[in-house]
Amino acid sequence: MPLKTEAMTLMLIQAPEKKVKNQKTGEIAIDKQSGQVQYNVNVAVIVDGRPDAVTVVVTEDGIQPDLIPGMPVALPGLYATKWENEFGHGISFKATAVMAAEVPAAANGQG
């Protein structure tokens, strides 16, 4: 399910980290389609002044290299998928990229 982020403010919580597929072996998750290493990107999603922490999976080729925690970011191609297994259920989030967001002039003290 594609998600629209226009009504949200997205802020990077910490630098992207490689997604671990198996905690016991330390195996890193690889995207089945692209063969790229997957990264967990932790962001604060703020809607109507209410923040919520969300982890979004992005492949290594979609990560802007100079991201700094606390900066506003954009997540193009963001979508959600329901999952369920013997341990529980939930929603996972993936995006095609994570990059610095364009901040309107009024929001950054200019204008």
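Details of the structure are given in the entry above.
The notes below deal with the structure included here. Because the structure is predicted, anything quoted here is derived from the model rather than measured.

V43, V56, L67, V73, L75 and V98 are the most contacted members of the largest nonpolar core, which has 18 residues in total. If you list the elements that add at least two residues to this core, you get β1 (9–12), β5 (38–47) and β6 (50–59). The dominant element in this core, judged by the number of residues it contributes, is β5, at 4 residues. Ignoring anything within four residues of it in the chain, the contact list for V98 reads V41, V58, G62, I63, Q64, L67, V73, A74 and L75.

Inspection of the secondary structure assignment puts P72 in the loop between β6 and β7 (73–74). Sequence separation between P72 and D31 is 41 residues; the distance between their C-alpha atoms is 26 Å.

As a further point, take the pairing of β5. Of all 10 residues making up β5, 7 are buried, and the element is well covered by its neighbours. Here 4 bridges tie β1 to β5, and the two strands are oriented antiparallel to one another. By the bridge assignment, T9 is partnered in β5 with I46. Pairing of strand β2 (residues 17–18) with β5 involves 2 bridges; the strand directions are antiparallel. Counterpart to K18 in the pairing with β5 is Y39. Pairing of β5 with β6 involves 10 bridges; the strand directions are antiparallel. Looking at β6, one finds that V43 is bridged to V54. Following β5, the chain reverses through 2 residues before pairing antiparallel with β6; D48 in that reversal takes a positive phi of roughly 50°.

Relative to the helices and strands, G88 is located in strand β9 (residues 88–94). By relative accessible area, which is 22% here, G88 ends up partly exposed. In this structure, the C-alpha to C-alpha distance between G88 and Q14, residues 74 residues apart in sequence, is 26 Å.

This next bit is on the pairing of β9. Looking along a regular strand, one sees side chains alternate from face to face of the sheet. One ladder, built from 2 bridges, connects β6 with β9; its direction is parallel. For V56, the partnering residue across the bridge sits in β9 and is F93. Pairing analysis gives 7 bridges linking strand β8 (residues 79–85) to β9, with the strands arranged antiparallel. Looking at the pairing, T81 lines up with S92 of β9. Linkage of β8 to β9, two consecutive antiparallel strands, is achieved through a turn of 2 residues.

The rules we used
- Residues numbered from 1 in each chain as written.
- Predicted model: local features only at pLDDT ≥ 70, side-chain atom pairs only at ≥ 80, totals over all residues.
- Heavy atoms only, no water.
- Core = buried A, V, L, I, M, F, W, Y, C linked by side-chain atoms within 4.5 Å.
- Buried < 20%, exposed > 50% of the residue type's maximum accessible area, 1.4 Å probe, protein only.
- Helix = DSSP H or I, 4+ residues; strand = E, 2+ residues; numbered from the N terminus.
- Contact = heavy atoms within 4.5 Å.
- Pairing = 2+ DSSP bridges.

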